[in-house]
Every structure is written in C-alpha cells, then in structure tokens.
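A closer look at the structure
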Amino acid sequence: MTVGGEQTAAAFRSAVRDGRLDLPTPGGGRTAERFRRLADLGRADLALARLGEGHADALAILAELGATIDPASRRVPWGVWAAAPASLTATGDDDGWRLTGDRPWCSGAGLLSRALVTATAADGVRLFAVEVGGAGVTPLPGTWPAVGMAASDSRTVRFDGVPGTPVGGPGAYTARPGFWHGGAGVAACWYGGAVGVADTLHAAARRRSPGPHALAHLGAVDAALAAARAVLFAAADEIDAHPTRDADRLAHQVRAVVEATATTVSDRVGRALGAGPLCQDATHARRVADLTVYLRQSHAEADLAHLGELVTAAGEPGW
C-alpha cells in the first residue's frame, strides 16, 4: 500500500472508531448536514470520502431495510459492494445463503470488516451482509493498478461459498427510496473534491498577482461551485420534505450538475496554473487524479439519456 494509502486507511479506521462517520440518515431532516460532512471529507481526501461514504451508506441501508445493528457493529468499517450484481450468485438452503463469484470495484477491499453485497439469486437480486475477513473472501492482487483513487483499494474480490445474511427481500436494495438519496450523496463527495482542487487556485491567487486570465478562471470556478452547491443543498431540502418520493430524477439532476462543475473546475484550474501544481504539488496532483477517476462513477451520456427519459415521461418538465 502507498504511503498515501496507509494514511487514508488509518484516517478511515479512526473516523469509524470515533463515530465521526455516523452521519444523519437521508430524509430524516438533516440531509444537508449529511451532504456537508461528505463534502468536507471530499475536500480533504477523496479516497477517504469514498470509503467514508460507503460506510455511512451501509449504515443508512441497514436502517432503511429494518436490519438490526448493535452499537459495536457501527464501530467497524462497513462498505457497499453493489456493482455488477450478476457477477455474484447466491444460493440458499436450510443452512443459509452462500455467495460465489468475482465482484469488481470493491472499495476498501483490504480495509473493511463487513460489507453489504448484492448477488443474483433464483428469486432476483438480493442484498447480503458478509464478514469481509471470513473464509472464502479474497481480494485479488493486481486488480487495482490505478493512480487516481489508488488509496481507496477498490480491488476485485473473489467470493467462494461465502456465508451471507440477507438484508431485505429480492429487489429491496434498489427499490427503497434511499437508493437515489445515496446517489446524491456521492455527488456531495464529488463537490468536495472539486472544492479541494479549486483551493489550489485560490491559494495561488492570494500568494501573487494572478493576472487577468487566471482571475477570469477563478471567477468562473467560483460561479460554477456556487451553482453546484445550490443544487446539492436544494436537493437535500427536497429529500427531507419528501423522504419517500422517488428521487431518481432528482439524484440524476444533482449528479449531472456536480459532475459538470467538477469537470469545469479541474479544467479551469489547470488552464490558470499550468503544469506546475500537477507536476510539483503532490497533494494537488493526487486530488486531480482522484477526482478524475471518482467522477467516472457517473455513467456520463447514459445517465443523461436516462434523465432525458425521466423528463419526457413526466410530461411537464417542471422548469
């Protein structure tokens, strides 16, 4: 593990142990606070934000689906490994459920104690709680050779007949209102990462006269971040006002706006400052690389096309 990875891992474990990742649940009246705290994590360290968001999301999912979790279990690192549900199969019998297959994109593969994992069963896609350190769970070496988000340790994990405790019924993971609340929470991390990249430009402007072009970039960055912040926290208020309403369209709006803002910020900071910070400032270079990778959790034009379908289906666009 890299030095940065070791620091991120230690910070993650400390935050879990101290309860600093026990965030307000979405839709409970304090969603703005949840988003603010996720954004703060992203501003400081995007890999830490990825791990922290996964832990907080796991706790929110367990609560929403009525799973019992004792206080001690909240003080161990959790994650959500739900990409590519068909990559794992779940078989059940009188002795319980067993999970088999290779699951990609498992953030915190070597750091977590427990994870919520989707798998395809005979009756549909189900969600299971698994002990990550148990027998049959193997993070595969060499499956995360990334530069960006390297410290998130998002490897492929092999499951070989791993016992799983079902959480909710078939389809419950994606059918719950909180599924899209969690999607908006990821955008809060992106927003924080964009602010962290913008911090480098702001600091440079305060150290020396930046010139008119750099000032124009700084102004554009400020305006873009203000717009994303407004959309993000308006969405938090909307979630609290209507916690059980389908938030598919809302989450895709937020994610599209924040993704566009983060892309703009990275581009404009680079154009304003040149190659210097990317080559000579390790913290800034890591932030840009991390943000570039993390934003690709968005499905780009596929997500925009889905949003367009939702607008069309709504009849009135609501603009």
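The subject of this paragraph is the pattern of salt bridges. For the coordinates displayed, the defined rule picks out 15 salt bridges. A salt bridge links Arg-75 to Asp-22, with the shortest nitrogen-to-oxygen separation between them at 2.7 Å. Remark: Asp-22 occurs in the loop between helix H1 (3-17) and helix H2 (31-44) and Arg-75 occurs in the loop between helix H3 (46-64) and strand E1 (78-81); sequence separation between them is 53 residues. Across the pair Asp-123 and Arg-126 runs a salt bridge, and its minimum N-O distance is 2.8 Å. Judged by its relative accessible area of 41%, Asp-123 falls in the partly exposed class. Several salt bridges share partner residues, and in doing so they unite Asp-22, Arg-74 and Arg-75 into one network.

With respect to burial, strand E4 (residues 114-121) is a largely interior element, six of its eight residues being buried. Relative to E4, E1 runs parallel, the two being bridged by four bridges. Residue pairing for E4: Trp-81 is matched across the bridge by Val-117. Direction of pairing for E4 relative to strand E5 (residues 124-131): antiparallel, over a ladder of eight bridges. Across the sheet, Leu-116 pairs through a bridge with Ala-129, a residue of E5. Taking the residues that link successive antiparallel strands as the turn, the E4-E5 hairpin has two residues.

It is worth spelling out the pairing of strand E3 (residues 96-106) at this point. One ladder, built from six bridges, connects strand E2 (residues 88-93) with E3; its direction is antiparallel. Residue Gly-92 lies in a different strand from E3, and its bridge partner there is Trp-97. What sits between the antiparallel neighbours E2 and E3 is a turn of two residues. As judged from the eight bridges shared by E3 and strand E7 (residues 155-166), these two strands associate in the antiparallel manner.

One way to put it is that helix H5 (residues 178-207) packs onto helix H6 (residues 211-241) with a least axis distance of 10 Å and a crossing angle of 155 degrees. One element, H5, and the other, H6, form an angle in the roughly antiparallel class. For the pair H5 and H6, the crossing hand works out as left-handed. Together, His-181, Ala-184, Ala-188, Tyr-191, Ala-194, Val-195, Ala-198, Leu-201, His-202 and Ala-205 of H5 and His-217, Leu-218, Val-221, Leu-225, Ala-228, Arg-229, Leu-232 and Ile-239 of H6 make up the contact between the two elements. Of the residues assigned to the contact of H5 with H6, the class counts are 14 nonpolar, three polar and one charged.

Conventions and cut-offs
- Residues numbered from 1 in each chain as written.
- Predicted model: local features only at pLDDT ≥ 70, side-chain atom pairs only at ≥ 80, totals over all residues.
- Heavy atoms only, no water.
- Salt bridge = Lys/Arg side-chain N within 4 Å of Asp/Glu carboxyl O.
- Helix = DSSP H or I, 4+ residues; strand = E, 2+ residues; numbered from the N terminus.
- Buried < 20%, exposed > 50% of the residue type's maximum accessible area, 1.4 Å probe, protein only.
- Pairing = 2+ DSSP bridges.
- Axes fitted to C-alpha atoms, helices over the stretch in contact; angles between N-to-C directions.
- Parallel < 35°, antiparallel > 145°, perpendicular 65-115°, else oblique.
- Left-handed = near helix turned anticlockwise from the far one by under 90°.
- Contact = heavy atoms within 4.5 Å.
- Nonpolar A, V, L, I, M, F, W, Y, C, P; charged D, E, K, R; others polar.

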